[in-house]
Amino acid sequence: MASVDAQHTTGPFPDLYGHGLRLRRWDAGSDADVEAWLRGTTDPEFLRWNTPLNAITDAGSARATLRAKAARDGDGTSASFRITDADSGTTLGHIGVNEITRVFHRAIVGYWVLPEARGQGVATRALTLAARWAFGELGLHRLELDHALGHAASCHVAERCGFRYEGTLRGAMWEAGRHDTYRDAHLHARLATDPEPGSV
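Now for a description of the structure that goes with this document. (Residues numbered from 1 in each chain as written. Predicted model: local features only at pLDDT ≥ 70, side-chain atom pairs only at ≥ 80, totals over all residues. Heavy atoms only, no water.)

Turning our attention to the overall build of the protein. Looking only at helices and strands, the protein features five helices and eight strands. Walking the protein from its N terminus toward its C terminus, one meets helices and strands in the order β-β-α-α-α-β-β-β-α-β-α-β-β. Counting only C-alpha atoms and orienting by the principal axes, one finds that the protein spans roughly 40 × 40 × 30 Å. Split into buried and exposed, the 200 residues of the protein put 46% on the buried side. Total accessible area computed for the protein in this model is approximately 9800 Å², and 52% of it derives from carbon and sulfur atoms. Positive and negative side-chain charges in the protein, numbering 22 and 25 respectively, have mean positions lying 1 Å apart. (Helix = DSSP H or I, 4+ residues; strand = E, 2+ residues; numbered from the N terminus. Buried < 20%, exposed > 50% of the residue type's maximum accessible area, 1.4 Å probe, protein only. Areas by Shrake-Rupley, 256 points an atom, 1.4 Å probe, with all protein chains shown as cover. Lys, Arg positive; Asp, Glu negative; His and termini not counted. Charge placed at Lys NZ, Arg CZ, Asp CG, Glu CD.)

Before going further, it helps to examine the nonpolar core. Grouped burial of nonpolar side chains is what soluble globular proteins tend to show. Counting 34 residues, the largest nonpolar core has L23, I95, V97, L127, L143 and F163 as its most contacted members. Of the residues forming this core, the biggest block, ten residues, is contributed by helix α4 (residues 122-136). Once residues lying within four places of it in the same chain are set aside, the contact partners of L127 are I95, V109, Y111, L145, V157, C161 and F163. Membership of the second largest hydrophobic core comes to twelve residues, among which are V34, L38, F46 and A62. (Core = buried A, V, L, I, M, F, W, Y, C linked by side-chain atoms within 4.5 Å. Contact = heavy atoms within 4.5 Å.)

Now for the pairing of strand β4 (residues 91-101). Burial analysis of β4 places nine of its eleven residues in the buried class, the great majority of the element. With six bridges joining them, strand β3 (residues 79-85) and β4 adopt antiparallel strand pairing. For I83, the partnering residue across the bridge sits in β4 and is G93. Connecting the antiparallel pair β3 and β4 is a turn made up of five residues, with G89 showing a positive phi of about 80°. (Pairing = 2+ DSSP bridges.)

With respect to the secondary-structure elements, R102 resides in the loop between β4 and β5 (106-113). Overall, the relative accessible area of 24% leaves R102 in the partly exposed class. Between the alpha carbons of R102 and L138 there is a distance of 9.6 Å; along the sequence they are 36 residues apart.

This next bit is on the pattern of salt bridges. In this structure the tally under the stated criterion is 13 salt bridges. As a salt-bridge pair, D31 and R63 come within 2.8 Å of each other at their nearest N and O atoms. One end of the pair, D31, is in helix α1 (residues 31-42); the other, R63, is in helix α3 (residues 59-74), with 32 residues separating them in the sequence. Exposure remark for D31: the relative accessible area of 56% places this residue in the exposed category. Note on R63: relative accessible area 19%, which makes it buried. Between R82 and D33 there is a salt bridge whose closest N-O contact spans 3.3 Å. Here R82, found in strand β3, pairs with D33, found in helix α1; they are 49 residues apart in sequence, far enough to count as distant. Judged on exposure class, the residue R82 and its partner D33 are both buried. (Salt bridge = Lys/Arg side-chain N within 4 Å of Asp/Glu carboxyl O.)

Laid out in structure tokens, this is it:
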């Protein structure tokens, strides 16, 4: 398997196809992409489990976030994908391979799905694609996934995709809507040497 150093991650990364999905780059210059990002990150269910570092409240702040993500994508420290339906191109959500660390060949994955696309296995299918790419093309050894304690849906996605539960991280995430209070998180991880999970 190629190492992350050998398989350089800077510059454009490819679209990923499979399981009825196409994972493609977000475009900060696209009003449609900005609107989808704004809807996803201001959705009450998203905010129940996630607290962004910088509040996203309008198109301007959504666009700024996408530009910041594009910069990290460009320097190879992350890969942010817009989850779309392979046939229609409709945006369904987001998945990111974040905080890529070349020294340890490790990254952290995160995802969200728009309200109208939930309950259709979108996150499971997208995580399957992204993990296969990260282990294969990027040559990563370990992918970590954490979620707020009590977020059963995210826990199920992790387990279906072969991310084993490794323990509870105490005070590892902000409470909903707070930057001064913490809550526990479940840590899941998958290694490149772990068996491929069953078909989705």
